[in-house]
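Take a look at the letters that make up each chain.
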Amino acid sequence: MKEVDLTELSAPGCTHCRSFQDFWHGIEKDWSNVKFRDVSVVTPEGQELAGKHMIFASPGIILNGQLFSTGGVDKDKFLAKLKELSN
């Protein structure tokens, strides 16, 4: 399986961010090839990512350096994209 970089750009107190993290931590054992990072939008790196990817809603989900989604996450589409990137 190919390695996949998953970055979540999150905001403090964001319920969609917490929901995605709970979802991810529930399935991450099945995705040993995925490297997960949570970056807060209030950090300099988070500000840079938000500007680079034009992220205006949290969470921003970035897969292999490409913006996948902002705001809520469609879990089925997310899993399909992970499978595609892993093969």
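What this report covers is the structure whose coordinates are included nearby. (Residues numbered from 1 in each chain as written. Predicted model: local features only at pLDDT ≥ 70, side-chain atom pairs only at ≥ 80, totals over all residues. Heavy atoms only, no water.)

Quick look at the nonpolar core
For step 1, the next point in the chain: Core analysis: the biggest nonpolar cluster contains 13 residues, and Leu 6, Phe 20, Trp 24, Val 34, Leu 63, Phe 78 and Leu 82 have the highest contact counts within it.
For step 2, the next point in the chain: Those elements giving two or more residues to this core turn out to be strand 1 (4-10), helix 1 (15-27), strand 3 (60-63) and helix 3 (75-86).
For step 3, the next point in the chain: In terms of residues, this core owes the most to one element, helix 1, which gives 4 residues.
For step 4, the next point in the chain: Those residues within four positions of Phe 20 in sequence are excluded, and the remaining contacts are Leu 6, Glu 8, Phe 36, Pro 59, Ile 61, Val 73 and Phe 78.
For step 5, the next point in the chain: Leu 49, Ala 50, Ile 55 and Ile 62 belong to the second-largest nonpolar core, a separate cluster that totals 6 residues. (Core = buried A, V, L, I, M, F, W, Y, C linked by side-chain atoms within 4.5 Å. Buried < 20%, exposed > 50% of the residue type's maximum accessible area, 1.4 Å probe, protein only. Helix = DSSP H or I, 4+ residues; strand = E, 2+ residues; numbered from the N terminus. Contact = heavy atoms within 4.5 Å.)

Focus: the pairing of strand 2 (residues 34-40)
For step 1, the next point in the chain: As judged from the 7 bridges shared by strand 1 and strand 2, these two strands associate in the parallel manner. Residue pairing in the sheet places Glu 8 in a bridge with Asp 38 of strand 2. (Pairing = 2+ DSSP bridges.)

Side note on the pattern of salt bridges
For step 1, the next point in the chain: Counted under the stated rule, the structure contains 5 salt bridges.
For step 2, the next point in the chain: The partner of Lys 35 in a salt bridge is Glu 3, and the shortest N-O contact between them spans 3.7 Å. Of the two residues, Lys 35 sits in strand 2 while Glu 3 sits in the segment before strand 1, which places them 32 residues apart along the sequence.
For step 3, the next point in the chain: Between Asp 22 and Arg 18 there is a salt bridge whose closest N-O contact spans 3.5 Å. With Asp 22 and Arg 18 both in helix 1 and 4 residues apart, the pair spans about one turn of that helix.
For step 4, the next point in the chain: According to the relative accessible area criterion, Asp 22 is partly exposed, its value standing at 46%. (Salt bridge = Lys/Arg side-chain N within 4 Å of Asp/Glu carboxyl O.)

Observations concerning the sheet that holds strand 3
Across a sheet, strands are paired by hydrogen bonds formed along the backbone, either parallel or antiparallel in direction.
For step 1, the next point in the chain: Here we have 4 strands laid out as an open sheet, ordered 2-1-3-4, and mixed in their pairing. Of all strands in the sheet, those bounded by a partner on one side alone are strand 2 and strand 4 (66-70). Each adjacent strand pair in this sheet contributes to an overall mean axis angle of 20°, direction not counted.
For step 2, the next point in the chain: Set on the sheet, helix 1 makes contact with strand 1, strand 2 and strand 3; between it and strand 1 the angle comes to about 150°. (Axes fitted to C-alpha atoms, helices over the stretch in contact; angles between N-to-C directions.)

Focus: the packing of helix 1 against helix 3
For step 1, the next point in the chain: Taken N-terminus to C-terminus, the directions of helix 1 and helix 3 make an angle of 45°; their axes are 13 Å apart at the nearest point. With respect to each other, helix 1 and helix 3 are oriented oblique. For helix 1 against helix 3, the interelement crossing comes out right-handed. Facing helix 1, whose interface residues are Ser 19, Phe 20, Phe 23, Trp 24 and Ile 27, helix 3 presents Lys 75, Phe 78, Leu 79 and Leu 82. (Parallel < 35°, antiparallel > 145°, perpendicular 65-115°, else oblique. Left-handed = near helix turned anticlockwise from the far one by under 90°.)

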